[in-house]
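# Observations on the three-dimensional arrangement
Here is what each chain is made of, one letter per residue.
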Amino acid sequence: IKDIPMMHHLFLIFQFQLVASLVMHVRAYADADPVSTSSFIHLKSTVETSRNKNYLYAIKKKESRNFDLNPQSNPVIFQDIEYFGGTVMTDTVRLYNIYYGDFNTTNGNDTMHLLDYFASNIGNTAWYKILSSYFQLESNGDKTLASHSANLKKSFLVNPSQKSTEITESDIQELLVELITSEDLPRDTNGVYNLIFDGKFQTPGWLTTTCSYHSAFYFPGSDDIIKYMVLNDPSTPSNQKGVICQAINPKDNLHNIPTANNNIGADSMASLFAHELAEVITNSVGSWHFAPDENGQVNEISDACAW
């Protein structure tokens, strides 16, 4: 697209520099309010499938990874990213970090501090300003640019009482509905809800087809679109595949080479956080992405330089 020359190269340059520079040796924390959820509520209208099919083009998009640790022999060749109509997120994006699981340990608290600092400051970086090169077309032909700023609105800790470690997409959406309905979190159509799970939980596709993903759904009984990202801590999975989602070469990790903050979980999730946030802002409803490949896979802005 001529309007955004060299976009992929810019993301390639900044995506990993951002993790090291922004969260290097920081210790800041937005208060996390603990809440015990006795059980997930079950609202039949949480996901309106037919409407999502027609409008939320990118729903349940997942970032594919090569989970056998071997380099891909035939890497994907990306063409120009295209605008397919629709909206982007504009104005200031409000971020909500929702920690799910055991983050009360020393390392868990450190992870929360780092990711909250990351979310508080990412909107002020040169990397984030790249997103304002994307736009939506108005009915009169004018362009409205994507968000130029973001900030952390709230950090929230959920202490789950359920015993199962299997988390479904419905569980995630129902949890968000519960937190919004109870007014623990606001209903924010210009917000992004970041669900951050400790590694013992199995979210959809975790360590089998994805390291992170983003999605969206209509809030029950309304036209409000709730946008969210799902991240898992790759330093605490119950199996050894967690290394695949760590922001470090697996061979180097065997030699204990430290990451920016010597916290492999938080530093890895910071990279995934940036990856998914860029895609939510530009493609939460299917606005900006690459043309589908021969397998029908739709790649997004961050996929051109993922890992």
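Presented here is a report on the structure given in the accompanying data block. (Residues numbered from 1 in each chain as written. Predicted model: local features only at pLDDT ≥ 70, side-chain atom pairs only at ≥ 80, totals over all residues. Heavy atoms only, no water.)

### So, the overall build of the chain
Across its full length, the chain carries seven helices and eleven strands. For the chain, buried positions account for 52% of its 307 residues. Across the chain, every contact between residues at least 6 apart in sequence was considered, and the portion connecting residues at least 24 apart equals 81%. (Helix = DSSP H or I, 4+ residues; strand = E, 2+ residues; numbered from the N terminus. Buried < 20%, exposed > 50% of the residue type's maximum accessible area, 1.4 Å probe, protein only. Contact = heavy atoms within 4.5 Å.)

### A look at the pattern of salt bridges
Summed over the entire model, instances satisfying the criterion amount to three salt bridges. For the salt bridge of arginine 187 with aspartate 224, the shortest nitrogen-to-oxygen distance reads 3.0 Å. Residue arginine 187 is found in the loop between α5 (169-181) and β8 (191-197), and its partner aspartate 224 is found in the loop between β9 (212-218) and β10 (225-232); the two are separated by 37 residues along the sequence. Classification of arginine 187 as partly exposed rests on a relative accessible area of 41%. (Salt bridge = Lys/Arg side-chain N within 4 Å of Asp/Glu carboxyl O.)

### Remarks on the side chain of asparagine 97
With respect to the helices, strands and loops of the structure, asparagine 97 is situated in strand β4 (residues 92-100). Dropping the residues within four chain positions of it, asparagine 97 is found in contact with Leu115, Asp116, Ala119, Leu152, Lys154, Ser155, Phe156, Asn194, Ile196 and Phe273.

### Let's talk about the pairing of β10
Most of β10 sits out of view: eight of its eight residues are buried. The pairing of β9 with β10 spans seven bridges and is antiparallel. Across the sheet, the residue bridging to serine 215 is tyrosine 228, located in β10. Counting the residues that bridge the hairpin from β9 to β10 gives six residues, and of these glycine 221 lies at a positive phi of roughly 75°. (Pairing = 2+ DSSP bridges.)

### Concerning the nonpolar core
Ranked by internal contacts, the top residues of the largest apolar core, which has 41 residues, are Leu95, Tyr128 and Leu277. Mapped by element, the contributors of at least two residues to this core are β4, α3 (106-121), α4 (126-129), β7 (149-160), β8, β10 and α7 (264-283). Filtering out sequence-adjacent residues up to four positions away, tyrosine 128 remains in contact with Val93, Ile122, Gly123, Ser147, His148, Ser149, Ala150, Leu277 and Ile281. Of all hydrophobic cores here, the second largest spans 23 residues; its members include Ile98, Tyr100, Val177 and Phe201. (Core = buried A, V, L, I, M, F, W, Y, C linked by side-chain atoms within 4.5 Å.)

### Concerning unusual backbone geometry
With a phi angle near 60°, aspartate 91 is a residue other than glycine that sits in the positive phi range. The backbone phi angle of glutamate 183 is positive, close to 65°, even though this residue is not glycine. Inspection of the secondary structure puts glutamate 183 in the loop between α5 and β8.

### Quick word on α3
When the terminal C-alpha atoms of α3 are compared, their 23 Å separation across 16 residues agrees well with the 22 Å that a helix rising 1.5 Å per residue should span. For α3, the full list of buried residues reads Gly108, Asp110, Thr111, Met112, Leu114, Leu115, Asp116, Phe118 and Ala119. (Expected span 1.5 Å × (residues − 1).)

### Here's the deal with the environment of threonine 90
Take threonine 90: it is sitting in the loop between β3 (82-83) and β4. C-alpha of threonine 90 to C-alpha of threonine 144: the two residues are 54 residues apart in sequence and 7.7 Å apart in space. Sequence-distant contacts of threonine 90, defined by excluding residues within four places in its chain, comprise Gln136, Thr144, Leu145, Ala146, Ser147 and Asn190.

### Some words on the packing of aromatic side chains
One pass over the full model with this rule turns up eleven aromatic pairs. Where tyrosine 83 meets tryptophan 288, the ring centres are 5.1 Å apart and the plane angle is 40°; that geometry is what we call tilted. With tyrosine 83 in strand β3 and tryptophan 288 in strand β11 (residues 288-289), this pair connects stretches of sequence that are 205 residues apart. Taking relative accessible area as the criterion, tryptophan 288 reaches 0% and is therefore assigned buried. Considering the side-chain rings of phenylalanine 135 and tryptophan 288, the 5.1 Å spacing of their centres and the 85° angle between planes classify their relative orientation as edge-to-face. Here tryptophan 288 lies in strand β11 and phenylalanine 135 lies in strand β5 (residues 135-137), a separation of 153 residues in the sequence. Neither residue differs from the other here; phenylalanine 135 and tryptophan 288 are each classed as buried. (Phe/Tyr/Trp six-rings, centres within 6.5 Å; stacked < 30°, edge-to-face > 60°.)

### Some thoughts on the state of the cysteines
Applying the stated criterion across every chain, the model contains one disulfide. Paired by a disulfide, cysteine 211 and cysteine 245 hold their sulfur atoms 2.1 Å apart. Residues cysteine 211 and cysteine 245 are joined by a disulfide whose S-S torsion is about -85°; by sign, that bridge is left-handed. Linking cysteine 211 in the loop between β8 and β9 with cysteine 245 in the loop between β10 and α6 (250-253), this pair joins segments that are 34 residues apart in sequence. Residues cysteine 211 and cysteine 245 agree in their burial class; the two are buried. (Disulfide = S-S within 2.5 Å.)

### Quick look at the packing of α3 against α7
α7 packs onto α3 with a crossing angle of 30° between their chain directions and a minimal axis gap of 10 Å. The angle between α3 and α7 falls in the class roughly parallel. Seen from above, α3 lies across α7 with right-handed handedness. Two secondary-structure elements touch here, α3 through Thr111, Leu114, Leu115, Phe118 and Ala119 and α7 through Ala266, Met269, Ala270, Phe273 and Ala274. Partitioned by chemical class, the residues of the contact of α3 with α7 number nine nonpolar, one polar and no charged. (Axes fitted to C-alpha atoms, helices over the stretch in contact; angles between N-to-C directions. Parallel < 35°, antiparallel > 145°, perpendicular 65-115°, else oblique. Left-handed = near helix turned anticlockwise from the far one by under 90°. Nonpolar A, V, L, I, M, F, W, Y, C, P; charged D, E, K, R; others polar.)

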